[in-house]
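Observations on chain architecture
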Protein chains: 2
Amino acid sequence: MSDHEAPMINGVVEHKIGEEVLPFVEDDYGGVIVEMNNPMDPKCFVAKLRYSFTQWRSQGKKGVWLNLPLTQVNLVEPAVKEGFRYHHAEPTYLMLVYWIPEAESTIPLNASHRVRVGAVVLNHDKEEKYGTLRGSGVWKIPTGVVDEGEEIFAAAIREVKEETGIDTEFLEILAFCQTHESFFAKSDLFFICLLRPTSFDIQKQDLEIEAAQWMRFEDSASQPITHKNDLFEVIHRICSMKMEKSYTGFSTEPITTFFDDKLGYLYLNKQDMNNHIS
Amino acid sequence: MSDHEAPMINGVVEHKIGEEVLPFVEDDYGGVIVEMNNPMDPKCFVAKLRYSFTQWRSQGKKGVWLNLPLTQVNLVEPAVKEGFRYHHAEPTYLMLVYWIPEAESTIPLNASHRVRVGAVVLNHDKEEKYGTLRGSGVWKIPTGVVDEGEEIFAAAIREVKEETGIDTEFLEILAFCQTHESFFAKSDLFFICLLRPTSFDIQKQDLEIEAAQWMRFEDSASQPITHKNDLFEVIHRICSMKMEKSYTGFSTEPITTFFDDKLGYLYLNKQDMNNHIS
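Source: prediction; values computed, not measured.

**Quick word on the overall build of chain A**
Of the regular secondary structure elements, chain A holds 8 helices and 14 strands. Split into buried and exposed, the 278 residues of chain A put 52% on the buried side. Sequence separation of at least 24 residues holds for 61% of the intrachain contacts in chain A that already meet a minimum separation of 6. A total of about 13,200 Å² of accessible surface is found on chain A, and carbon and sulfur atoms cover 51% of it.

Rendered as structure tokens:
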């Protein structure tokens, strides 16, 4: 491999494989992150890794993150044999981690939850918008998964658009629920969002949807499934109260957060906050 | 390996390596789950995997999940070369997946969020309970990560107990916020919980905590950091309103949920619900 060949001019220059530190960047917590974006022979990788650890140990480094893209799958087994453990994985890469200090690991836990939204859209005629799952014969509210990096309210707006073509404005999170073992050991948070339509022509777009239509609130509430399932039933009770303006959920406020001063959104009872100010 | 040796008595019994389907269970979505709990030679694994796929294809199976414990790390490279992709990983195992049909994959997305709680404990004297991070010099409310499979309200009670020794009862989620890229690409949901103490003697327990004490509400609100950070400031505003009973957050109700009839907890504005009934 050409990056191990040192030039030999007029004298001896030694450059042994393994006396080179793997390319890395430092993280904010006294650790290092190695991204193996280029192929490497497993033996060469192990030699460099061992040499790197001598350096990192002497520098007092803590966690060593090792990102192995799918194309470098041949380095997974050598890394585990050197003591790395899996941390998380996405379709295109596997992240491993090694904790150097004797002291207890402060490596952050892996992501534990999926986040989903269900969207209730009420128009001026007090009709709700419903899609239906292909073949299920049940009218249901648009639902979907919140993507990594996506705001909850944005996911609700996106799902309604994808499933029905309707443009909406986010009003409130009416309620949410948590369930467990939604897939394997992971948990699930489901946010029920209330939206106001800003366009009204339904154009079914998603392949998974058999039909989409505006439905009278009373008709959607009278489906047998509404009475079979606590959650459906509560959503309809909250919507009834909402139409009488006797229920307040959580709406959004942009905010800078704890510790790291990141921008985010706070969801809170703004009606109570506003009443208090006025 | 003994499980490939068929008995040979009085006649010819052929039992070729690779004409055996890997052990699997069916999932609820037309897929199969293979857990490689026992070691296997990689060549034998590939032969069996290919034979299994001929069976699963003819049976119209969709997703094939492959769980490789850390001890079977030697099967990761062969699996990827057969077309598997990473789905998720935990310290002790890697989950890969293969989508058989031509149609678009309906494999669920990996977990995208970590969930954390912050706990405000108000006692009758209107003091809040605060811990402080070792060395930071800032009094802060107890915080921590919600474990997989743990209720949000239970995590708040547990964190207060771990950090201060105080027993508490969960009252409400006052607000929550979402931030992104909290580690690598993952997002973070932070729930601010209000609790009522049922014991009062502070016994600092967690190694990460330098000190814990009851602190007068006014004193905790007057720390410089409270005014530097939107979120701290909002928490204190909400707590002030809460002490005047002029703010309502989300409290819990046990519920059976959508689709799969799982038990879970709904978080909603129960005060509005109760006012409506009475």
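Right, picking up where we left off after that structure.
**Some thoughts on the pattern of salt bridges**
Pairing is possible between side chains that carry opposite charge, provided their charged atoms lie close to one another. Residue and element names in this part refer to chain B. Across all of its chains, the model carries 32 salt bridges over all chains by this definition. The shortest N-O distance in the salt bridge between Glu-20 and Lys-48 comes to 3.0 Å. In this pair, Glu-20 is assigned in the segment before strand E1 (25-26) and Lys-48 in helix H1 (residues 42-58), connecting sequence segments 28 residues apart. In this pair, the class of Glu-20 matches that of Lys-48, namely buried. Note that Lys-242 and Glu-172 form a salt bridge whose closest N and O atoms lie 2.8 Å from each other. Of the two residues, Lys-242 sits in helix H6 (residues 230-243) while Glu-172 sits in strand E10 (residues 168-183), which places them 70 residues apart along the sequence.

**So, the relation of the copies chain A and chain B**
Note on the identical chains: chain A maps onto chain B by a rotation of 180 degrees and an axial translation of 0.1 Å, with an RMSD of 0.1 Å. Here the copies are linked by what is in effect a two-fold axis. Take the interface residues of chain A: 98% of them recur as interface residues in chain B, which is what a same-surface contact looks like.

**Some remarks on the packing of aromatic side chains**
In total, this model carries 26 aromatic pairs over all chains according to the counting rule given. Ring centres 4.9 Å apart and planes at 80 degrees place the aromatic pair A:Phe153 and A:Tyr265 in the edge-to-face group. Of the two residues, A:Phe153 is situated in helix H3 (residues 152-164) and A:Tyr265 in strand E14 (residues 263-268); the sequence distance between them amounts to 112 residues. Judged by relative accessible area, which is 18%, A:Phe153 ranks as buried. Centroid distance B:Phe176 to B:Phe191: 5.1 Å. Interplanar angle 40 degrees. Geometry classified as tilted.

**So, the interface of chain A and chain B**
On the side of chain B, 92 residues touch chain A, which itself brings 93 residues to the contact. The tally of links from chain A across to chain B stands at 4 salt bridges. Of the charged contacts, one joins A:Glu148 and B:Lys186 as a salt bridge, the two residues approaching to 2.9 Å between their closest N and O atoms. Across the chain A-chain B interface, the total number found is 29 residue pairs in polar contact (both at pLDDT 80 or more). The dominant element in the side of chain A that touches chain B, judged by the number of residues it contributes, is strand E10 (residues 168-183) of chain A, at 11 residues. Partitioned by chemical class, the residues of the side of chain A that touches chain B number 51 nonpolar, 22 polar and 20 charged.

**Some details on the sheet that holds strand E1 (residues 25-26) of chain A**
Residue and element names in this part refer to chain A. Strands sit in the order E1-E2-E3-E5-E4 across an open sheet of 5 strands; the sheet is mixed. Edge positions in the sheet fall to E1 and strand E4 (85-90), since each of these pairs with one other strand and no more. Relative to strand E3 (residues 63-69), strand E2 (residues 32-35) runs parallel, the two being bridged by 4 bridges. Each bridged residue has a counterpart across the sheet, and for Ile-33 the counterpart in E3 is Trp-65. Each of E2, E3 and strand E5 (93-99) touches helix H1 (residues 42-58); the most contacted strand, E3, lies at about 155 degrees to it.

**Quick look at the nonpolar core**
With 82 residues, the main nonpolar core has A:Phe176, A:Phe191, B:Phe176 and B:Phe191 as its most contacted residues. Leaving out residues up to four positions away in the same chain, A:Phe191 has contacts with A:Val115, A:Arg116, A:Val117, A:Gly118, A:Ile152, A:Ile173, A:Ala175, A:Phe176, B:Phe176, B:Leu189 and B:Phe191.

**Remarks on the sheet that holds strand E2 (residues 32-35) of chain B**
Across a sheet, paired strands are connected by hydrogen bonds in the backbone, their directions being either parallel or antiparallel. Residues and elements named next belong to chain B. Reading across the sheet, the 5 strands line up as E1-E2-E3-E5-E4 and stay open at both edges, with mixed pairing between neighbours. Strands at the two margins of the open sheet, each flanked by one partner only, are E1 and strand E4 (85-90). The sheet contact formed by E1 and E2 spans 2 bridges and is antiparallel. Residue pairing across strands places Glu-26 opposite Val-32, the latter belonging to E2. Contacting E2, strand E3 (63-69) and strand E5 (93-99), H1 crosses the sheet at an angle of about 155 degrees to E3.

**A few points about H6(B)**
Residues and elements named next belong to chain B. Compared with the 20 Å implied by 1.5 Å per residue over 14 residues, the 20 Å span of H6 between its first and last C-alpha is a close match. For H6, the complete set of buried residues consists of Leu-231, Phe-232, Val-234, Ile-235, His-236, Ile-238, Cys-239, Met-241 and Lys-242. Of the residues one or two after H6, Lys-245 is the one with positive phi, at around 55 degrees.

**Concerning unusual backbone geometry**
With the exception of glycine, the majority of residues adopt a negative phi angle, and the majority of peptide bonds are in the trans configuration. Residues and elements named next belong to chain A. Located in the positive-phi region is Lys-245, a residue other than glycine, with phi close to 55 degrees. With respect to the helices and strands, Lys-245 occurs in the loop between helix H6 (230-243) and strand E13 (251-256). For Lys-245, a relative accessible area of 75% gives the class exposed.

**Section: the confidence of the model for chain A**
Residues and elements named next belong to chain A. Per-residue pLDDT for chain A averages 83, and the proportion of residues at 70 or more is 78%. The least confident element of chain A, judged by mean pLDDT, is helix H7 (residues 258-261) at 56; the most confident is helix H2 (residues 76-81) at 98. Segment residues 1-9 is flagged for pLDDT under 50; beyond a separation of four residues in sequence, or across chains, it makes 14 contacts in the model.

**Observations regarding the side chain of B:Glu159**
All names here are of chain B. Counting through the fold element by element, Glu-159 comes out in helix H3 (residues 152-164). Owing to a relative accessible area of 7%, Glu-159 belongs among the buried residues under this scheme. Side chain to side chain, Glu-159 and Arg-158 meet in a polar contact 3.1 Å long. Setting aside residues no more than four positions away along its own chain, Glu-159 makes contact with Val-117, Pro-142, Thr-143, Gly-144 and Val-145.

**Observations concerning the environment of B:Asn74**
When you line up the elements, B:Asn74 lands in the loop between E3 and helix H2 (76-81). Judged by its relative accessible area of 23%, B:Asn74 falls in the partly exposed class. Along the primary structure B:Asn74 and B:Asp41 are separated by 33 residues, whereas in three dimensions their C-alpha atoms are 8.5 Å apart. Residues in contact with B:Asn74, not counting those within four places in the same chain, are A:Glu77, B:Met40 and B:Pro42.

Parameters at a glance
- Residues numbered from 1 in each chain as written.
- Chains lettered and ligands numbered in written order.
- Predicted model: local features only at pLDDT ≥ 70, side-chain atom pairs only at ≥ 80, totals over all residues.
- Heavy atoms only, no water.
- Helix = DSSP H or I, 4+ residues; strand = E, 2+ residues; numbered from the N terminus.
- Buried < 20%, exposed > 50% of the residue type's maximum accessible area, 1.4 Å probe, protein only.
- Contact = heavy atoms within 4.5 Å.
- Areas by Shrake-Rupley, 256 points an atom, 1.4 Å probe, with all protein chains shown as cover.
- Salt bridge = Lys/Arg side-chain N within 4 Å of Asp/Glu carboxyl O.
- Least-squares fit on C-alpha atoms with pLDDT ≥ 70 in both.
- Phe/Tyr/Trp six-rings, centres within 6.5 Å; stacked < 30°, edge-to-face > 60°.
- Polar contact = N/O pair within 3.5 Å; in protein donor to acceptor, adjacent residues only side chain to side chain.
- Nonpolar A, V, L, I, M, F, W, Y, C, P; charged D, E, K, R; others polar.
- Pairing = 2+ DSSP bridges.
- Axes fitted to C-alpha atoms, helices over the stretch in contact; angles between N-to-C directions.
- Core = buried A, V, L, I, M, F, W, Y, C linked by side-chain atoms within 4.5 Å.
- Expected span 1.5 Å × (residues − 1).
- pLDDT = per-residue confidence, 0-100.

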